[in-house]
Amino acid sequence: MAEENKVKLLGFWNSPYVRRVELALKLKGIPYEYVEEDLKNKSSLLLKYNPVYKKVPVLVHNGKPLAESHVILEYIDETWKNGPPLLPQDPYKRAQIRFWASFVHQQLFETMPLVFKSDGEAQEKALKEVFEKLSVLEEGIKNIFPGGIQIIEHENVGLLDIVMISVFGPYKVYEEVLGLKLIDPEKTPLLFSWLTALLEIPVVKDSLPPHEKLVGFLKFIRQDALNSTSA
Amino acid sequence: MAEVKLIATTDSLFCARIEWALKLKGVEYEFIEVDIRNKSPLLLKYNPVHKKVPVLVHHGKPIAESLVILEYIEETWKNNPLLPEDPYERSMARFWAQFAGDKCLWGAWEAAKLAEGEGKVKAIESTQESLAFLEKQIEGKKYFGGEQIGFLDLAVGGIPHSLSAMEEAGGVKLLDAERFPSLHKWAQNFIEVPVIKECIPPREQLLNYFNTSISYIRSLSVAKP
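- An unreviewed UniProt entry annotates chain B as glutathione transferase originating from Fagus sylvatica.
- Recorded in UniProt under Catalytic activity (unreviewed entry), the annotation for chain B is "RX + glutathione = an S-substituted glutathione + a halide anion + H(+)".
- Per UniProt, chain B carries the Sequence similarities (unreviewed entry) text "Belongs to the GST superfamily."

- If you look chain A up in an unreviewed UniProt entry, it shows as Glutathione S-transferase from Fagus sylvatica.
- As stated in UniProt under Subcellular location (unreviewed entry), the record for chain A gives "Cytoplasm, Cytosol".
- UniProt's Catalytic activity (unreviewed entry) comment on chain A is quoted here verbatim: "RX + glutathione = an S-substituted glutathione + a halide anion + H(+)".

**A few points about the overall build of chain B**
1) Next: Of the regular secondary structure elements, chain B holds nine helices and four strands.
2) Next: Mapped in sequence order, the helices and strands of chain B form the string β-α-β-α-β-β-α-α-α-α-α-α-α.
3) Next: At 18 Å, chain B has a C-alpha radius of gyration in line with the 17 Å of a compact globule built from 225 residues.
4) Next: Per-residue burial over chain B gives 53% buried out of 225 residues.
5) Next: Accessible area of chain B: about 11,000 Å², with a carbon and sulfur share of 53%.
6) Next: Positive and negative charge centroids in chain B, built from 27 and 31 side chains respectively, lie 4 Å apart.

**Things to note about the UniProt feature "domain: GST C-terminal" (unreviewed entry) in chain B**
1) Next: As recorded in UniProt, the feature "domain: GST C-terminal" (unreviewed entry) lies at residues 86-210 of chain B.
2) Next: Along residues 86-210 of chain B the backbone is 74% helical and 0% strand, and the end-to-end C-alpha distance reaches 39 Å.

**Points about the UniProt feature "domain: GST N-terminal" (unreviewed entry) in chain A**
1) Next: Annotation from UniProt places "domain: GST N-terminal" (unreviewed entry) at residues 5-84 of chain A.
2) Next: Between the C-alpha atoms that bound residues 5-84 of chain A the distance is 18 Å, and the span itself is 36% helix and 21% strand.

**What to know about the interface of chain B and chain A**
1) Next: Across the boundary between the two partners, chain B contributes 24 residues, which contact 26 residues of chain A.
2) Next: Of the roughly 2,300 Å² buried between chain B and chain A, counting both surfaces, carbon and sulfur atoms make up 68%.
3) Next: Sorting the residues of chain B by area buried against chain A places Glu75(B), Tyr88(B) and Phe95(B) first, and these three jointly supply 26% of that buried surface.
4) Next: Inspection of the chain B/chain A interface yields six salt bridges.
5) Next: Linking Glu75(B) and Arg94(A) is a salt bridge whose minimum nitrogen-to-oxygen distance equals 3.0 Å.
6) Next: Within the residue set of the side of chain B that touches chain A, elements represented by two or more residues are strand S4 (61-64), helix H3 (66-76) and helix H4 (87-113) of chain B.
7) Next: Sorting elements by how many residues they give to the side of chain B that touches chain A places H4(B) first, with 11 residues.
8) Next: Of the residues that constitute the side of chain B that touches chain A, the class distribution is 13 nonpolar, four polar and seven charged.

**Description of the nonpolar core**
1) Next: Formed by 156 residues in total, the largest nonpolar core has its most connected members in Ile76(A), Phe168(A), Trp194(A) and Leu56(B).
2) Next: Counting residues per element, this core draws most heavily on H4(B), which supplies 14 residues.
3) Next: What Leu56(B) contacts, discounting residues up to four positions off in sequence, is Val4(B), Lys5(B), Leu6(B), Ile18(B), Leu22(B), Lys61(B), Pro62(B), Ile63(B), Ile69(B), Tyr72(B) and Ile73(B).

**Some points on the pairing of strand S3 (residues 55-58) of chain B**
Residues and elements named next belong to chain B.
1) Next: Where burial is concerned, the two faces of S3 agree: the one with Val 55 and Val 57 and the one with Leu 56 and His 58 are both buried.
2) Next: Taken together, the four bridges between strand S1 (residues 4-8) and S3 define a ladder with antiparallel strand orientation. Across the sheet, Leu 6 pairs through a bridge with Leu 56, a residue of S3.
3) Next: The turn joining S3 and S4, which pair antiparallel and follow one another in sequence, is formed by two residues; a positive phi near 50° is taken by His 59.

What counts as what
- Throughout this document, residue positions are counted from 1 along each chain, in the order its sequence is written.
- For naming, the first written chain is A and the first written ligand is 1, with later ones following in the order written.
- Selection of residues for local features in this predicted model requires a pLDDT of at least 70, selection of side-chain atom pairs for listing and counting requires 80 or more, and totals for whole chains, interfaces and linings are taken over all residues.
- As a rule here, side-chain values come from all non-hydrogen atoms in the structure, and water together with hydrogens is ignored.
- UniProt positions are given in the numbering used here, feature names are shortened, and annotations may be inferred rather than shown by experiment.
- The numbering of helices and of strands both runs from the N terminus, where a helix is a DSSP run of H or I of at least 4 residues and a strand a run of E of at least 2.
- A radius of gyration in this sense is built from C-alpha atoms; the matching globule rule multiplies 2.2 Å by the number of residues raised to 0.38.
- Each residue is assigned to one of three classes by its accessible area relative to the maximum for its type, calculated with a 1.4 Å probe on protein chains only: buried under 20%, partly exposed between the two thresholds, exposed over 50%.
- Only the protein chains shown count as cover for residues, and all accessible areas are computed by the Shrake-Rupley method using a 1.4 Å probe.
- Here Asp and Glu are counted as negative and Lys and Arg as positive; His is not counted, and neither are the chain ends.
- Here the site of a charge means atom NZ of a Lys, CZ of an Arg, CG of an Asp or CD of a Glu.
- Any two residues whose heavy atoms approach within 4.5 Å are treated as being in contact.
- In short, buried area is how much 1.4 Å probe accessible area vanishes from two parts on joining, totalled over both.
- The salt bridge definition used is simple: a Lys or Arg side-chain nitrogen within 4 Å of an Asp or Glu carboxyl oxygen.
- Following the grouping adopted for this structure description, the nonpolar residues are Ala, Val, Leu, Ile, Met, Phe, Trp, Tyr, Cys and Pro, the charged ones are Asp, Glu, Lys and Arg, and the polar ones are all others, Gly among them.
- Here, the term nonpolar core denotes a set of buried Ala, Val, Leu, Ile, Met, Phe, Trp, Tyr and Cys residues that are joined through side-chain atoms within 4.5 Å.
- In this description, strands pair whenever DSSP reports at least two bridges between them.

This is how it looks when you write it as structure tokens:
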């Protein structure tokens with residue numbers, strides 16, 4: 001019985017991709033064993049289970065490995081039908097969720113590092129791009145939350161919420177490190193109320209990396225990047 | 001007023017994937033060709049976020065991003081399923097579809113567009129390593145989907161055709177038959193399937209596109225003072 005439905009997650013404390021999968025498992029109430037990987041010294045288990053990318057997260061279910069967070073999230077939704085669904089039933093709504101999850105991931109998340117690793121004009125340019133994309137997201141999700149957002153219940157947290165939290169859940173940390181407002185309730189009121197509502201949910205709040213630890217990490221990354229470019 | 005419209009161009013393999021899926025499922029659709037270089041108003045209306053093709057419009061509602069569209073088609077028209085039933089097998093199809101795009105197609109583009117040098121050699125090596133993974137997936141199978149064409153065949157389908165044109169335009173050899181015999185055989189079979197053949201962009205068009213893009217990109221690096 002112990003071997004049936006055995007779930008193992010190979011992860012790293014500061015990986016937003018890993019956080020997505022952990023949050024999904026917790027929301028669905030799926031018990032799992034967590035294995036922290038040292039990414040500078042990858043375990044033979046990781047190399048065995050993800051020979052293609054050699055990255056985390058890797059979900060191992062009944063001995064079968066899966067990689068790539070968006071693939072894993074859909075797998076979790078299709079395999080554990082008890083607990084809240086991560087995607088709606090309607091194909092068009094599912095398409096919207098997938099589209100915006102891809103947008104948050106590719107258009108926003110992938111431009112964020114440059115904001116941290118640069119200053120002056122380069123940083124201004126990167127920030128401008130991020131703010132433009134946040135505006136597009138603000139506009140785009142009006143169809144998903146037609147009545148605005150006040151409260152989100154635990155069982156209504158879905159795939160797009162999970163991806164959004166994995167990227168912008170720690171927005172207060174980013175604001176502290178950068179010394180500016182990233183999610184402004186006046187510029188992007190829907191995004192602000194969305195994140196606020198999600199962070200009220202205990203399991204979501206607990207999924208964030210520890211505040212001080214992340215501040216320290218990001219400050220280090222920033223200093224390191226700025227030092228190497230000014231050499 | 002067609003119920004299903006496909007906003008597309010005839011020289012895009014991403015658009016071809018959608019046509020293949022619709023035809024395999026016997027879905028009637030209206031093909032609406034747009035000029036992406038001149039940002040046609042139809043494109044701005046139906047895909048304001050990315051302003052790209054393909055866009056599927058069903059009952060007036062637009063869906064963009066080719067893999068998102070494929071999933072929508074699969075979920076809406078349930079005949080001739082493209083994805084397997086088993087969740088793990090479905091995940092594998094999705095995983096390899098993403099991999100093929102990211103590592104094989106874009107990797108090949110990197111290798112093709114660079115002028116001779118260390119960067120080009122590295123890009124070629126890396127792309128061939130990725131192709132080797134794909135070769136393993138098709139070994140001993142008629143299609144990636146098994147006996148029938150599936151989701152992964154559609155996702156990978158345009159790649160050999162694209163690669164062939166990229167190879168000629170960029171002066172590289174990537175998908176050679178000796179190193180990748182199974183992939184080669186699959187590619188040749190796939191392209192002969194009637195519904196596939198009728199939607200594939202003509203090689204001349206692709207070659208033209210890559211020749212122009214590559215000349216432009218290489219001229220930029222030469223023009224540095």
